[in-house]
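Breakdown of the fold
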Amino acid sequence: MALKRFWSALRPGLPRLAGLSTAPAARKQPGAGSGAVPGRGATETVRPPVPAVDFGNTQEAYRSRRSWELARSLLVLRLCASPALLARHEQLLHFTRKLLGHRLFDKLMKMTFYGQFVAGEDQESIRPLLQHNEAFGVGSILDYSVEEDLSPEEAERKEMESCTSAAERDGSGTNKREKQYQAHRAFGDRRDGVISARTYFYANEAKCDSHMETFLRCIEASGGACEDGFLAIKLTALGRPQFLLQFSDVLTKWRRFFHEMAVEQGQAGLAAMDTKLEVAALQESIAKMGIASRAEIEGWFRAETLGVSGTVDLLDWSGLVDSRTKLSQHLVVPNTQTGQLEPLLSRFTEEEELQMTRMLQRMDILARRAREVGVRLMVDAEQTYFQPAIGRLTLEMQRKFNVERPLVFGTYQCYLKDAYDNVTLDVELARREGWCFGAKLVRGAYMAQERARAAEIGYEDPINPTYEATNAMYHRCLDYVLEELKHSAKAVVMVASHNEDSVRFTLCRMEELGLHPADRQVYFGQLLGMCDHISFPLGGLPRVQVCALWPRDGGAALLVSPRPGEQQPHEGRPAGAAAAVAGAQAAAPHREPLPPPSLVPTAAPLPLASMHPGCGLPRPSCPAGTWEWGLGGP
């Protein structure tokens, strides 16, 4: 019932997008040019030559920095590299704040750590840094990066309350979800073991409205600060995580059932896109399991939805979730081990259905506003027990908003064993349905937590076994996407990595595939103040944006608009761009409620809660009343 509304709401048709301006500020280009590039527009037939990028040229890397800024960078990065200091940083910060007082402490932080990693406190204070970096080919991405200051006990309590259903809490229903998709008290504080990603905990719907309002202000600021802006969002900030857990469980069971049928048809071990089930044999198997009558089953596999090939691949099968879940009496899937039919989705209460609906509304409001002001949304990846639902919701947003250009970007964590399958399936879906693929590739930020949780609860570790395996997966996924960019001029990727080898690999493959920076299809992402020796040399390449990722305790993001190209031989270090974090006064004026989105046609306008006056103090600390932006984490 709940998913019936959900899918019908997300598939109302694909609106046409207003044109987005993806080019950085115009600059003079060298007069010489290379020949035409096949498959590209006539206006881009003459290309400027691509200068070599030398990440070892410190003079070029740091010419944008003044001497005192270099001294500050050296001091801050040395302090950050001290294990003893890091182990006691919260105690030291607390002691220093008490010793100096609030005003002096804030001044010290702004002169050191915040000065290195944060661009400013409001739109005006960040402008000088943005303009300075723009002169060196570095643009901006803004992202809210402040966390609520909760104790581990408070975080655990909020997580357990928000990840269990009313029926589970009052004992009137049993939890049919798999262990991986159930809330576990030992891992209630999702901040544990995570040092490079924001964490949101659900409090109530008003708090989610407040998060949405903050994201809207970031969209406005990004649209006003630069011509080619991005904003990163986390779906756990926009709604109750119980829905993400339940929906992830549905999608995982549905995919597993497909693979079990593949084994039955002798196709075990094939890659996701190579596995194709014979429809006749599949219908026979489902009928024998007693899920539905043969006539009903045949209705699921219609020629207009599956074509006439007589086979079903994983994309076809996943698409059946849309129609299957509208049949509430069939919300079951066979457990091949027990032989029992189990429900795909626990029933929602009326309040839970409303919470799910409002989460979808918030996503729709953000995407619509981003489209209006020409800012692109990057949906951050999160823990694997949320990620199947996050990935699917992101795809639905892409179907709706990526009609002419990529407006919504999905994030792929390449430390996961199934990363390549996820990338190839989504690229193929974009090809079939004709929307523009947009992706951010990261390695991932939750490795220690994911491994500990899998070992404790008792499910397969989702992480690649070694660092080398993760590197290989990252380059495999990246190479596949770059190949797609060669054939699809509107597809875009962000290479979010501090690994110089990965950046050089990207530059080399771009040169081999004929992907010119002027095509504006490849972006690079890094943290502000973390890799200037990579960011600013890339900033010399015209029209390849290099965006920086935020650090969890406050950071920012800046886009780098490299000059003609991103082509380089293999030698290396990390890559990227500068980041700029901006904060805005939390007491900013309240926004009028937006009109109701079409995501849920029957929903009333979504009331927006006013901004909370405090920032919640991130780790290590944040001057009260500020909020910060930066390109999102993993």
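Everything in this summary refers to the structure shown in the same document. (Residues numbered from 1 in each chain as written. Predicted model: local features only at pLDDT ≥ 70, side-chain atom pairs only at ≥ 80, totals over all residues. Heavy atoms only, no water.)

**Describing the overall build of the chain**
- In terms of helices and strands, the chain carries 23 helices and 14 strands.
- The buried share of the chain, taken over its 634 residues, is 57%.
- Excluding contacts between residues fewer than 6 apart, the proportion of contacts in the chain whose partners are at least 24 apart in sequence is 78%.
- Surface exposure of the chain reaches about 25,300 Å², of which carbon and sulfur atoms provide 55%. (Helix = DSSP H or I, 4+ residues; strand = E, 2+ residues; numbered from the N terminus. Buried < 20%, exposed > 50% of the residue type's maximum accessible area, 1.4 Å probe, protein only. Contact = heavy atoms within 4.5 Å. Areas by Shrake-Rupley, 256 points an atom, 1.4 Å probe, with all protein chains shown as cover.)

**Overview of the environment of glutamine 449**
- Inspection of the secondary structure assignment puts glutamine 449 in helix H20 (residues 447–457).
- Given the relative accessible area of 7%, glutamine 449 is considered buried.
- Once the C-alpha coordinates of glutamine 449 and aspartate 192 are considered, the two residues, 257 residues apart in sequence, prove to be 6.8 Å apart.
- Here the side chain of glutamine 449 touches arginine 190 through a polar contact of 2.7 Å, landing on its backbone oxygen. (Polar contact = N/O pair within 3.5 Å; in protein donor to acceptor, adjacent residues only side chain to side chain.)

**Focus on unusual backbone geometry**
- Backbone geometry at arginine 520 places phi at a positive 55 degrees, although glycine is not the residue there.
- Structurally, arginine 520 can be placed in the loop between helix H22 (500–513) and strand S10 (522–525).

**Looking at the pairing of strand S7 (residues 408–413)**
- By the criterion of burial, S7 is predominantly enclosed, with 6 of the 6 residues buried.
- The alternating pattern of S7 places Val408, Gly410 and Tyr412 and Phe409, Thr411 and Gln413 on opposite faces, both of which are buried.
- Relative to S7, strand S6 (residues 376–379) runs parallel, the two being bridged by 2 bridges. Paired with methionine 378 across the bridge in S7 is phenylalanine 409.
- Traced from S6 through helix H18 (residues 387–401) to S7, the parallel crossover comes out right-handed.
- Bridge count for S7 against strand S8 (residues 438–442) is 4 bridges, and the pairing is parallel. Across the sheet, glutamine 413 pairs through a bridge with valine 442, a residue of S8.
- Handedness of the β-α-β unit built from S7, helix H19 (residues 419–433) and S8 comes out right-handed. (Pairing = 2+ DSSP bridges. Right-handed = clockwise from strand over helix to strand, strands pointing away.)

**Details of the nonpolar core**
- One finds Phe301, Trp317, Phe437 and Leu441 to be the most contacted residues of the largest nonpolar core, which totals 58 residues.
- Ranked by residue count, the leading element in this core is helix H21 (residues 467–487), at 8 residues.
- Residues Met160, Leu245, Phe247 and Met363 belong to the second largest nonpolar core, which totals 42 residues. (Core = buried A, V, L, I, M, F, W, Y, C linked by side-chain atoms within 4.5 Å.)

**Thoughts on the packing of H21 against H22**
- The contact between H21 and H22 brings their axes to 10 Å, and the two run at 30 degrees. The angle between H21 and H22 falls in the class roughly parallel. Considering the relative orientation of H21 and H22, their crossing is right-handed. Along its contact with H21, which presents Tyr474, His475, Leu478, Asp479, Leu482, Glu483 and Lys486, the element H22 presents Asp501, Ser502, Phe505, Thr506, Arg509 and Leu513. (Axes fitted to C-alpha atoms, helices over the stretch in contact; angles between N-to-C directions. Parallel < 35°, antiparallel > 145°, perpendicular 65-115°, else oblique. Left-handed = near helix turned anticlockwise from the far one by under 90°.)

**Brief notes about the packing of aromatic side chains**
- Throughout the structure, instances matching the rule amount to 8 aromatic pairs.
- Judged by centre distance (5.1 Å) and plane angle (75 degrees), the rings of phenylalanine 230 and tyrosine 523 are edge-to-face. Here the residue phenylalanine 230 occupies a position in strand S1 (residues 230–233), and tyrosine 523 occupies one in strand S10, the gap between them amounting to 293 residues.
- Judged by relative accessible area, which is 0%, phenylalanine 230 ranks as buried.
- When the centroid spacing of 5.8 Å and the interplanar angle of 5 degrees are considered together, the rings of phenylalanine 243 and phenylalanine 247 count as stacked. Separated by 4 residues within a single helix, phenylalanine 243 and phenylalanine 247 lie in helix H12 (residues 241–264), roughly one turn from each other.
- The exposure class of phenylalanine 247 is buried, given its relative accessible area of 1%.
- Taken together through their ring pairs, the aromatic side chains of Phe230, Phe409 and Tyr523 make up a single cluster.
- Between the NZ or CZ atom of arginine 476 and the centre of the ring of tyrosine 420, over which it lies, the distance is 3.6 Å. (Phe/Tyr/Trp six-rings, centres within 6.5 Å; stacked < 30°, edge-to-face > 60°. Lys NZ or Arg CZ within 6 Å of the ring centre and 35° of its normal.)

**What about the packing of helix H5 (residues 89–100) against helix H6 (residues 102–111)?**
- Packing of H5 against H6 brings their axes to within 6 Å, and their N-to-C directions diverge by 125 degrees. When the interaxial angle is binned, H5 and H6 end up oblique. Considering how the two elements wind past one another, H5 and H6 form a crossing that is right-handed. Where H5 abuts H6, its residues Leu93, Thr96, Arg97 and Leu100 lie against His102, Leu104, Phe105, Leu108 and Met109.
- For the contact of H5 with H6, the per-class residue count stands at 6 nonpolar, 2 polar and 1 charged. (Nonpolar A, V, L, I, M, F, W, Y, C, P; charged D, E, K, R; others polar.)

By themselves, these figures tell us nothing about what the structure is for.
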